[in-house]
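Read off the chains here:
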Amino acid sequence: MVSSLAVDITPSSKAFKLFFNHEQIRTMSRVKRRTTHPPYWHVLKNNQRDDEKISSDNLRFVREVIQDKYKNKSPIKGSDLGIEKTEWDPKTKRSGVIARNIGMQHMWEKDGKKIICTVLQVLDNHVIRYVPPEEYANSVIGAKMFKNRKPLGCLVVGAEATNPDRFTRQYCSLFNEVGLLPKKRLARFIVTPNAALPPCTPLTAGHFVIGQAVDVYGKTIDYGFQGVVKRWGFKGGPASHGATKFHRRGGTIGTGRDKARVWPGQKMPGHMGSERRFNRGLKIVRINMKYNIVYVKGTVPGPTNSIVQIFDTILPRRKFTEAPPHPTYFPPEDGTLPQEDIWDSSLHVFGSPSISV
Amino acid sequence: MAIVEHLASLLRKPIETSDEAGERSVSTQKTEDESGNTVIVAPPEFRFMYPEFLPDPAPETRNRLREKLERMDMLQRRSVIEIPEFYTGSIMAVTVADANSPNKFARFVGICIQRGGSGLRAWFILRNVVDKQGVEILYEMYCPLIQKIEVLRLERRLDESLLYLRDALPEYSTFPLNMEQERRLNNSVVPINPIKVKLRPRPWLERWERQNLQGVEDLNLPQRFYDKAEKVAKPWEKYDLMLHYRKTIPAEEQEKIFAEVHSQLQQQELKRKLRRRRGFDNEQ
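Given the structure is predicted, the values throughout are model-derived calculations rather than measurements.

Participant: Just to check I follow, could you spell out the domain arrangement of chain B for this structure?
Facilitator: One frequently used descriptor of interface size is the decrease in accessible area upon assembly of the parts. Residues and elements named next belong to chain B. Partitioning chain B into structural domains gives domain 1 (45-80 + 234-277) and domain 2 (83-220). Distance from the C-alpha centre of domain 1 to the C-alpha centre of domain 2: 22 Å. The partner domain 2 presents 15 residues to the 13 residues of domain 1 that form the contact. Summing both sides of the interface, domain 1 and domain 2 together bury roughly 1,200 Å²; the carbon and sulfur share of this comes to 52%. Between E52 and R115 there is a salt bridge, with its nearest N and O atoms 3.1 Å apart. There are eight residue pairs in polar contact (both at pLDDT 80 or more) connecting domain 1 and domain 2. When residues of the side of domain 1 that touches domain 2 are traced back to their parent elements, those giving at least two are α2 (46-49) and α3 (64-80). No other element matches the five residues that α3 contributes to the side of domain 1 that touches domain 2.

What follows is the structure, given as structure tokens:
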């Protein structure tokens, strides 16, 4: 009956939204938004056994073994790179970085305008392995991603080295090839083959350029089970004037006529937050090389002290025009230290004289 | 050389606040910790003189590294401009760069009625009555547009927040805009002004009878107001140790924070005093 009309008002068409007053997006209602368990191909990560009654001598021995196994490695120099020096081109996709959102700070621009910046601490990132495009296209996720496209490689990066005692043997074995202390966090970054990095390469705040735009991925703040007013922005009911038990409720959930049931995707109370989101096109305004800190103009998904991933932006008008540190940043060979605190040209540096307009 | 020694002796004198008058007065001291290494301890008055160095106590937003970086930025800004010690009730003058002013600078004199914020977000509100119109301006202490902050009269009042001046008679908030800096009689103690302010007749902006104000004259309200205030009051809150613990930074952490910034602040103070003394000598 609906399709016999001159205007196509099936739910997926644009006219549907013009014709009907309600703008609820019902097509995504069946998609599962969050899980509390990891994918089936992940190995068990955290140590499941209880604290056994190990004697103090044995405990000391275990610690010595760990120290011997994971002796400190010297930092990788650019000249030690296993692969040939590759050229950067505008279509290159570089690796991203795992960072922690450590809070927000105010900064001021040169004309006195105040901006809010998020402070991101780039953790101790190391490349764990590189999966070439042909191999990655055969994996579960890779096949889905590159169904009708040219496949790209995948870089597995880890951050936050921890005591191997916390993890299972299977999880620690992921790091055996590299010889690094097991990392608490792992992430995959899709890279073009010319931006591939050898295992054990450290990634630092110098990977980014001042003034570049980045995308930050994170999981939003978990608000728990929330009502309709906070979750969907409903107006609720009047606070007084005789309203009986109708202050923060949803009201009507459908008409009696059309379809005669509640449509899927109807906005109702439920779990809010803890969802994967990207904030795109955020500008890097300041980099602190000593503490590996990146200051990003704007806000980032997730609460303070949560883990985020930072990538070069995909927004077409804010991409790189000049070559960035490719494939990543390495400290200069001659041992000169980089500038510790790098500011964007539009920002007022705190040690400089007051602004006069 | 004599000047430096004289200034050094000035700094060694205790700068106690009125609250700590009578208690032990300590200046910069080097104590020994358990391992026997000398540890620099800032004077306890620092938590009143520089309250914005203490972070927001809410644990969800705390991160030691970010707080440390913020303190470094604050010290950088303080090296450029002098942000003097002031309290609620002090009369101050702030000069701000303003594109719309004829001189490109705008100067405002007022009494500080409230201060808050932590880190680079620290702010204070100045109030004055100009042409019979009450004016309040909120200034962010670390904003780079601020050219100069002067404390014309350094004193404290009986309350931490003077928002009741909005409901008081205008003479209590009026200060001449060309007021000059007053010399401090006693450099070591910040005086408390025990003035009791007279409020205008009701209606008021807030229910002042419920707020236990010390600096206000008897409100002369009907008894029913005081009865309702008693009913609504929470007298058990002063016994709630965890509530106060959650609202403040623990003393050990405060000591660590001020020990970190203390030496830099002292150096800046010394440089400024030398510059002032040199300028005075040059004039002579």
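Now that the structure has been shown, the text picks up again.
Participant: Would you explain the confidence of the model for chain A in this entry?
Facilitator: Close inspection of predicted coordinates is inappropriate in any region flagged by low pLDDT. Residue and element names in this part refer to chain A. Per-residue confidence for chain A gives a mean pLDDT of 85; residues scoring 70 or more make up 87%. This model gives residues 1-9 a pLDDT under 50, and the stretch forms ten contacts once residues within four places in sequence are excluded. This stretch, residues 15-23, has a pLDDT under 50; its non-local contacts, to residues over four places away or in other chains, come to eleven contacts.

Participant: Quick question: what am I supposed to make of the sheet that holds strand β6 (residues 133-140) of chain B here?
Facilitator: The pairing of strands in a sheet comes from backbone hydrogen bonds and takes either a parallel or an antiparallel form. Residues and elements named next belong to chain B. Read from one edge of the open sheet, five strands run β6-β5-β4-β3-β7, paired in antiparallel fashion. In the strand order of this sheet, the two ends are held by β6 and β7 (146-153), each with one partner. Pairwise comparison of adjacent strand axes, ignoring direction, gives a mean angle of 35 degrees for this sheet. Summarising the sheet, strand β5 (residues 123-130) and β6 pair through eight bridges and their orientation is antiparallel. Following the sheet pairing, V129 is matched in β6 by G134.

Participant: Mind showing me how you'd approach the pattern of salt bridges here?
Facilitator: Close approach of charged atoms lets side chains of opposite charge pair. In total, this model carries 26 salt bridges over all chains according to the counting rule given. The salt bridge partner of R100(A) is E160(A), with a shortest N-O separation of 3.4 Å. In this pair, R100(A) sits in strand β1 (residues 97-108) while E160(A) sits in strand β4 (residues 153-161), placing the two residues 60 residues apart along the sequence. Residue R100(A) shares its accessibility class with E160(A), and that shared class is buried. In this structure, R277(A) engages E275(A) in a salt bridge whose closest nitrogen and oxygen atoms are separated by 3.5 Å. Assessed through its relative accessible area of 42%, R277(A) is described here as partly exposed. Using a relative accessible area of 10% as the deciding quantity, one classes E275(A) as buried. A single salt-bridge network, built from bridges that share partners, covers R62(B), R64(B), E67(B) and E253(B).

So, how was this worked out
Residues numbered from 1 in each chain as written. Chains lettered and ligands numbered in written order. Predicted model: local features only at pLDDT ≥ 70, side-chain atom pairs only at ≥ 80, totals over all residues. Heavy atoms only, no water. Domains from an automatic or database assignment. Contact = heavy atoms within 4.5 Å. Buried area = accessible area lost by both parts, 1.4 Å probe. Salt bridge = Lys/Arg side-chain N within 4 Å of Asp/Glu carboxyl O. Polar contact = N/O pair within 3.5 Å; in protein donor to acceptor, adjacent residues only side chain to side chain. Helix = DSSP H or I, 4+ residues; strand = E, 2+ residues; numbered from the N terminus. pLDDT = per-residue confidence, 0-100. Pairing = 2+ DSSP bridges. Axes fitted to C-alpha atoms, helices over the stretch in contact; angles between N-to-C directions. Buried < 20%, exposed > 50% of the residue type's maximum accessible area, 1.4 Å probe, protein only.

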